[in-house]
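# Examination of the molecular architecture
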Amino acid sequence: MKRYENFPLIHHHTFGMDVRAALFVEYDTVDELRELLSSDDFARHRDHYLHIGAGSNLLFGGDYDGLVMHSAIRDLTIEAEDANSVLVRVGSGYVWDDFVAYCVAHGWAGVENLSAIPGEVGASAVQNIGAYGVEVCDVIEQVETLALDGTPRTFLGCECEYGYRDSVFKRHLRGEYIVTHVVYRLAKTPTYKLDYGDLRVRVEAAGAPTLVTVRQAVTAIRDSKLPDPKVMGNAGSFFTNPVITSEHYESLKAEYPDMPSYRIDEERVKVPAGWLIEHTGWKGRALGRAAVHDRQALVLVNRGGATGAEVMELARCICEDIYTKFQIHIVPEVNYV
Ligand SMILES: Cc1cc2nc3c(=O)[nH]c(=O)nc-3n(C[C@H](O)[C@H](O)[C@H](O)COP(=O)(O)OP(=O)(O)OC[C@H]3O[C@@H](n4cnc5c(N)ncnc54)[C@H](O)[C@@H]3O)c2cc1C
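Residues numbered from 1 in each chain as written. Predicted model: local features only at pLDDT ≥ 70, side-chain atom pairs only at ≥ 80, totals over all residues. Heavy atoms only, no water.

### Points about the site of the ligand
What surrounds the ligand is a group of 29 residues, the closest being His 51, Gly 53, Ser 56, Asn 57 and Gly 130. Gly 53 is positioned with one of its backbone polar atoms (N or O) 2.7 Å from an oxygen atom of the ligand. Ala 54 is positioned such that a nitrogen or oxygen atom in its backbone is 2.9 Å from an oxygen atom of the ligand. If the ligand stood free it would expose 990 Å²; the protein chains cover 92% of that surface. (Near = heavy atom within 4 Å. Polar contact = N/O pair within 3.5 Å; in protein donor to acceptor, adjacent residues only side chain to side chain. Areas by Shrake-Rupley, 256 points an atom, 1.4 Å probe, with all protein chains shown as cover.)

What follows is the structure, encoded as structure tokens:
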């Protein structure tokens, strides 16, 4: 276990703010996490702690005057295997994209569309990461956790109440459980999902699809569209896509015929937040050192030296303008700290 006071978080999140944690502890095993949870350090910070992964969905408003915990549990084991699938148990600190690469290299299907998403395995199960028509909940069998008193609890995938970028760990059990391992079920025979954006065109340009070519295509598309956090701080999509009533959508559609949408059911329609941002004139615009990316309106970036407060103010102005123009509330996907 590693323990540091007044610890710089610049390399532990992707928005590039020079913030510090009063106390930072990294544990290597479930036993060490249990030890940490029963320690004086944890007792002292019981009301002010944060568990981070790679910090790729966090926005720090300033220094964190509490305990920041991080998992370095990085084991990977095959729990079971049959002719159709394999169950793989992975430590929460395993880098997500390394796990995807491992699956692709072994011919295990199910996560290839989720290539190149930043972050770690633990957060994948909290956030229900998704991309190119796939959500990680489709392959999550179990989520192993410790409650804050050190008691282990395993959630079946169906108990995690997964929704769009949402889970029980983000709602009523928020902060109550720490994910230690995730068990994924991968298929031995791929079912390719290519009907999203220009993925099919990219993949088929290289011949019949394989796990490798899907991973390569997804990675290439992402690289061409999304700013690299190492070059320009960001946390990916800043807002979730809002869901509005069909009635509201029809009235907006009469005024904005090109407004894209995805129907959820008879009563609800999802609208891309990026389109709303673009159509309020925010794409590419800056407020101080925080800006909306010029190629990807859904991504807010740190142009260098921005504070969390500046990014939050930019986000607030965007939300306000969208509400004024479209009467739609958009909410951040990014976790404010
Ligand atoms: C360039 C870029 C592109 C992105 N693209 C996508 C995308 O396509 N799809 C997508 O879904 N997301 C995307 N994201 C967002 C981000 O990658 C995901 O949300 C990711 O799962 C965050 O992982 P993390 O390890 O960085 O978690 P963090 O950001 O550190 O934490 C996220 C949340 O998980 C909690 N948490 C972390 N670890 C644990 C644990 N072990 N136990 C309990 N709680 C924990 C934290 O407290 C926090 O609430 C993108 C981000 C960036 C920067």
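Once you've had a look at it, read on.
### What to know about the state of the cysteines
A disulfide bridge is the covalent bond that connects two cysteines by way of their sulfur atoms. For the structure shown, the criterion picks out 0 disulfides. This cysteine, Cys 103, is not joined by any disulfide, and Cys 137 carries the nearest cysteine sulfur, 16 Å off. Residue Cys 103 is classed as buried on the basis of its relative accessible area, which comes to 0%. Sulfur of Cys 137: no disulfide; nearest cysteine sulfur belongs to Cys 160 and is 9.3 Å away. (Disulfide = S-S within 2.5 Å. Buried < 20%, exposed > 50% of the residue type's maximum accessible area, 1.4 Å probe, protein only.)

### A few points about unusual backbone geometry
Even without being a glycine, Asn 128 presents a positive backbone phi close to 50°. Considering the arrangement of structural elements, one finds Asn 128 in the loop between α4 (121–127) and β8 (130–131). The backbone phi angle of Glu 161 is positive, close to 50°, even though this residue is not glycine. (Helix = DSSP H or I, 4+ residues; strand = E, 2+ residues; numbered from the N terminus.)

### Observations regarding the side chain of Thr 14
Relative to the helices and strands, Thr 14 is located in the loop between β1 (2–8) and β2 (20–27). Engagement of the side chain of Thr 14 in a polar contact is seen with the backbone oxygen of Asn 234, the distance being 2.7 Å. Excluding its chain neighbours within four sequence positions, the residues that come into contact with Thr 14 are Ala 54, Gly 55, Ser 56, Pro 229, Gly 233, Asn 234 and Ala 235. (Contact = heavy atoms within 4.5 Å.)

### Looking at the layout of surface pockets
It is a probe the size of a water molecule, rolled over the atoms, that shows where empty space is left. Of the voids in this model, the second largest pocket is the one considered here, and its volume is about 230 Å³. Ala 109, Gly 110, Val 139, Thr 191 and Lys 193 are the residues nearest the centre of the second largest pocket, which is lined by 13 residues in total. Broken down by element, the lining of the second largest pocket gets its largest block of residues, 3 residues, from strand β12 (residues 177–187). Residue composition of the lining of the second largest pocket, grouped by class: 5 nonpolar, 4 polar and 4 charged. (1 Å grid on protein atoms, 1.4 Å probe; cavity = no way out; pocket = protein on both sides within 12 Å on 5 of 7 lines; lining within 4 Å. Points joined across faces, edges and corners; volume = space filled by probe spheres on them. Nonpolar A, V, L, I, M, F, W, Y, C, P; charged D, E, K, R; others polar.)

### Side note on the sheet that holds strand β14 (residues 243–245)
Strand order in the open sheet formed by 3 strands is β14-β16-β15, and the pairing between neighbours is antiparallel. Two strands in the sheet have a free side with no partner beyond their single neighbour: β14 and β15 (262–263). Against the sheet, helix α7 (residues 246–255) makes contact with β14, β15 and β16 (268–270), and its axis sits at roughly 90° relative to β14, the strand it touches most. (Pairing = 2+ DSSP bridges. Axes fitted to C-alpha atoms, helices over the stretch in contact; angles between N-to-C directions.)

### Structural notes on the sheet that holds strand β7 (residues 85–91)
Reading across the sheet, the 5 strands line up as β6-β7-β12-β10-β11 and stay open at both edges, with antiparallel pairing between neighbours. The sheet is open, and its two edges are formed by β6 (76–81) and β11 (152–156), each paired on a single side. Recorded for the sheet is a direction-independent mean angle of 20° between the axes of neighbouring strands. Sheet topology places β7 next to β12; 7 bridges connect them, and they run antiparallel. Paired with Leu 87 across the strands is Arg 185, a residue of β12. Across the sheet, helix α3 (residues 96–106) touches β6, β7 and β12, and the angle it forms with β12 is around 20°.

### What about the domain arrangement of the chain?
Once the domains are mapped, the chain shows domain 1 (2–71), domain 2 (76–225) and domain 3 (233–336). Computed from C-alpha coordinates alone, the two centres of domain 1 and domain 2 are separated by 24 Å. Between domain 1 and domain 2, the buried area comes to about 1200 Å², and carbon and sulfur atoms account for 63% of it. At the junction of domain 1 and domain 2, the tally comes to 0 salt bridges. Between the two partners, domain 1 and domain 2, sit 6 residue pairs in polar contact (both at pLDDT 80 or more). (Domains from an automatic or database assignment. Buried area = accessible area lost by both parts, 1.4 Å probe. Salt bridge = Lys/Arg side-chain N within 4 Å of Asp/Glu carboxyl O.)

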